[in-house]
Each structure stands twice: as structure tokens, then as C-alpha cells.
Amino acid sequence: MYHLGIYCFSCGDYVKQIEYQQEVRGRLIGTAAYSQHGLSSFPGGFVRGHMALGMAELGEFNQIEELGREAMEIVEKVENALTLVLTYTCLGMAYLRYGKLELALEYLEKSYEVCLNSKVTFVRSYTAGAIGQAYILDGKPRQALAVLTEGSRTEYIERGIWTVHLLTVLADAYRVTGDVALALDTLSRAL
């Protein structure tokens, strides 16, 4: 159910994603929420953050804060870098969709910092794309370009996940700063 939820999110079926992850959330309570269950991350924290993002994609913002509190209670206690990066990023993106830019930046900056200071590199491109998008929306395209350029290094793109997100945001940053040729080139790269 955990992996089916992630799969459904990736396919854009947020209703099914939330259904599967709600089941996982219901099972991962108490001490079970603080266990890895054979995974590299702690699903009790991540599933709550990921549900918040799925709900935000549907425009359902009423449970984001509750899910965020539950997720943070777990991830900050277990202190697993992968779980922190994934959960902070999901919550940051959820708040970005909710229109709460300040909260989004708070989570995304934490995520990016953990990503930079750990061996969790396969999500660096997605994390950079997320914070870059927030910086663009915050009127800081130059700051976005710095993060996005670093996140688009070959080793992060080749070994990363959700890299198209970074490239489309990078193209947007080039567009906002007036470099249309680089924006088009980057979009072609994304395709």
C-alpha cells in the first residue's frame, strides 16, 4: 500500500494515492510510526507528508496542517536524513500549492540544507526544483537560478528522481530573468 500510494501519486491519481496512504497512516501509529519496516526511510513520517502533497494537488487543504504536525513529530524524532528530505519537500510543496509561501520556504530550505549536508543525493534535483520554484514565486529568480543550476549538475540529473521538475523550473527561472534561448534549450532537455 505504501508503494502503491507513491505510484498513484506519480501517475496523478491523487484520490487513490490518498486512499492507500490513509490505510498506511492508520496502521503506522504509536511505536509502529517510528520504525523503518525494512525501508531506507521511515514510512510513518513520509506517508503523512506525501498525503498532504496529494491533498494539495487536489486543492484539499483542510488536513495539511494536521498531517504536517504528525509527520514532523515522527521525522524530527527519528532523524533519518532521507525521511527528513522527502517529508520536508512534500510539506513544502503542499504549502506552496496552498499559497503559504513563507511556510513553504521554511520546509524547503530545511530540506535543501539536509540534502546538501548528507549522502541523500538522488533527490537533490527534485529538492532544488522545489525550492527554486518557491524562490521564483517569492520574486528571487537569481537565488532560484543558483540553487537550480547546482541541482542540475549531471550527477544529480543522471542518478536522480523527478528530474523533469527541476528542468522545467530551471527553464522558468531563465525565462523570468530574460534568457529565452536558455529557457527553450532547458525545456528541450526536459522533454
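Everything quoted here is computed from the prediction, not taken from an experiment.

**Quick look at the overall build of the protein chain**
Secondary structure assignment for the protein chain yields eleven helices and zero strands. Along the protein chain, helices and strands appear, N-terminal first, in the series α-α-α-α-α-α-α-α-α-α-α. At 16 Å, the protein chain has a C-alpha radius of gyration in line with the 16 Å of a compact globule built from 191 residues. For the protein chain, the spread of C-alpha atoms along the three principal axes comes to 50 × 35 × 30 Å. Put simply, the protein chain has 191 residues, and 51% of those count as buried. Here the contacts in the protein chain between residues at least 6 apart in sequence split such that 58% fall between residues at least 24 apart. Carbon and sulfur atoms make up 52% of the accessible area of the protein chain, which totals about 9,100 Å². Each charge class in the protein chain was averaged separately, 17 positive and 22 negative side chains, and the resulting centres sit 3 Å apart.

**Quick look at the packing of aromatic side chains**
A complete count under the given rule lists six aromatic pairs for this structure. Three or more aromatic residues link up through ring pairs in this structure, and these residues are Phe 61, Tyr 88, Tyr 95, Tyr 98 and Tyr 107. Looking at Lys 77, its charged tip hangs above the ring of Tyr 34, at a distance of 4.8 Å from the centre.

**Observations concerning the pattern of salt bridges**
One pass over the full model with this rule turns up 13 salt bridges. Here Glu 19 makes a salt bridge to Lys 16, at a shortest N to O gap of 3.6 Å. Within this pair, Glu 19 and its partner Lys 16 are both found in helix α2 (residues 14-27), separated by three residues, close to a single helical turn. For Glu 19, a relative accessible area of 45% gives the class partly exposed. When the shortest N-O distance is used, the salt bridge between Glu 150 and Arg 153 registers 3.4 Å.

**Some words on the nonpolar core**
In this structure, Leu 53 and Leu 148 are the most contacted members of the largest nonpolar core, which totals 58 residues. Each residue touching Leu 148, except ones within four places of it in the same chain, is listed here: Ala 128, Gly 129, Gly 132, Leu 166, Val 169, Leu 170 and Ala 173.

**Remarks on the side chain of Ser 111**
Here Ser 111 shows up in helix α6 (residues 101-116). Residue Ser 111 is classed as buried on the basis of its relative accessible area of 0%. Leave out the neighbours within four places in its chain, and Ser 111 touches Val 85, Tyr 88, Thr 89 and Thr 127.

**Here we look at helix α8 (residues 141-151)**
Among the residues making up α8, those that are buried are Pro 141, Ala 144, Leu 145, Val 147, Leu 148, Glu 150 and Gly 151. The inward-facing, buried residues of α8 abut α6, α7 (124-137), α9 (154-158) and α10 (163-176).

**So, the packing of α8 against α10**
Viewed as axis vectors pointing N to C, α8 and α10 meet at an angle of 145°, and their least axial separation amounts to 9 Å. By crossing handedness, the relation of α8 to α10 is classed as left-handed. The residues of α10 that touch α8, namely those facing Pro 141, Leu 145, Leu 148, Thr 149 and Gly 151, are Leu 166, Val 169, Leu 170, Ala 173, Tyr 174 and Val 176.

What counts and what doesn't
Residues numbered from 1 in each chain as written. Predicted model: local features only at pLDDT ≥ 70, side-chain atom pairs only at ≥ 80, totals over all residues. Heavy atoms only, no water. Helix = DSSP H or I, 4+ residues; strand = E, 2+ residues; numbered from the N terminus. Rg over C-alpha atoms; globule rule 2.2 N^0.38 Å. Buried < 20%, exposed > 50% of the residue type's maximum accessible area, 1.4 Å probe, protein only. Contact = heavy atoms within 4.5 Å. Areas by Shrake-Rupley, 256 points an atom, 1.4 Å probe, with all protein chains shown as cover. Lys, Arg positive; Asp, Glu negative; His and termini not counted. Charge placed at Lys NZ, Arg CZ, Asp CG, Glu CD. Phe/Tyr/Trp six-rings, centres within 6.5 Å; stacked < 30°, edge-to-face > 60°. Lys NZ or Arg CZ within 6 Å of the ring centre and 35° of its normal. Salt bridge = Lys/Arg side-chain N within 4 Å of Asp/Glu carboxyl O. Core = buried A, V, L, I, M, F, W, Y, C linked by side-chain atoms within 4.5 Å. Axes fitted to C-alpha atoms, helices over the stretch in contact; angles between N-to-C directions. Left-handed = near helix turned anticlockwise from the far one by under 90°.

Without other data, these values stay purely geometric and don't point to any function.
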